[in-house]
Amino acid sequence: MKKLIAILLLSLYLVSTTELYQLLKMPLLIEHYMEHKKLNPEMSLTAFLKTHYDHPVKDSDYDKDQRLPFVSHGNLLSVVFTISPALDFHCTEKTGRPTEISPVFYKNVFHHKEIVNSIWEPPKFHQS
C-alpha cells in the first residue's frame, strides 16, 4: 500500500511540475492522426508528425493542432526559495541598539583570505 501511495504522489508531482502532463494528450494525437488518415490513406505517421511538428501550418484544423501534445506549453508549477543573507549586529554601546549592520555572504569558518586572494593572481612558473 505504501508503494502504491508513493508512486501516486510521485506521479502527481511529476505531472504537475514537468512537461509529463503532455503525455496525457496522447489520445488526441492518435485521434487526430486517424482523422488525417481517413482524408489521405497514404499518409504515414512520420509525414503526419512532420506536418504538425516540423513545419506547422495554419489550416482549417489549426485549433485541433494546438491541442496536440508538445505543441503548446503551459505554465508549470514553480516553487522558489529565497535565502536572505544573514545580518551581523555590532553593538558598541550598552543600549542594545545596532550601530552597524553588515551582510555576511560567507561563513568565517570556511573563508581563508590567502586562498581567495591567490585565485586572482597569474600563474607562477618555476625557472630552473
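What counts, and at which threshold
- Residues numbered from 1 in each chain as written.
- Predicted model: local features only at pLDDT ≥ 70, side-chain atom pairs only at ≥ 80, totals over all residues.
- Heavy atoms only, no water.
- pLDDT = per-residue confidence, 0-100.
- Helix = DSSP H or I, 4+ residues; strand = E, 2+ residues; numbered from the N terminus.
- Salt bridge = Lys/Arg side-chain N within 4 Å of Asp/Glu carboxyl O.
- Buried < 20%, exposed > 50% of the residue type's maximum accessible area, 1.4 Å probe, protein only.
- Polar contact = N/O pair within 3.5 Å; in protein donor to acceptor, adjacent residues only side chain to side chain.
- Phe/Tyr/Trp six-rings, centres within 6.5 Å; stacked < 30°, edge-to-face > 60°.
- Lys NZ or Arg CZ within 6 Å of the ring centre and 35° of its normal.

Student: I keep staring at the confidence of the model for the chain and nothing clicks. Help me out?
Tutor: In regions of low pLDDT, the predicted coordinates are not meant to be interpreted in detail. Across the chain, the average pLDDT comes to 78, with 66% of residues at or above 70. Looking over the chain, one finds the lowest element-wise mean pLDDT in strand β2 (residues 100-104), namely 60, and the highest in helix α2 (residues 26-39), namely 93.

Student: Can you walk me through the pattern of salt bridges in this structure?
Tutor: Oppositely charged side chains can pair when the atoms bearing their charge come close. Across all of its chains, the model carries one salt bridge by this definition. With a closest N to O distance of 3.2 Å, Glu35 and Lys64 form a salt bridge. Of the two residues, Glu35 sits in helix α2 while Lys64 sits in helix α4 (residues 62-66), which places them 29 residues apart along the sequence. Accessibility expressed as a relative area gives 27% for Glu35, which makes it partly exposed.

Student: Just checking my understanding: could you explain the side chain of Gln22 for this structure?
Tutor: Along the polypeptide, Gln22 turns up in the loop between α1 (2-17) and α2. Separated by 2.9 Å, the side chain of Gln22 and the backbone oxygen of Ser72 make a polar contact.

Student: What's the story with the packing of aromatic side chains in this structure? I'm lost.
Tutor: For any pair of aromatic rings, geometry is given as the distance between the ring centres together with the angle between the planes. In total, this model carries one aromatic pair according to the counting rule given. Taking the centre distance of 5.3 Å and the plane angle of 65° together, the rings of Tyr33 and Phe48 count as edge-to-face. One end of the pair, Tyr33, is in helix α2; the other, Phe48, is in helix α3 (residues 45-54), with 15 residues separating them in the sequence. Note on accessibility: Tyr33 and Phe48 belong to one class, buried. The side chain of Lys58 reaches across the aromatic face of Tyr62, ending 5.2 Å from its centre.

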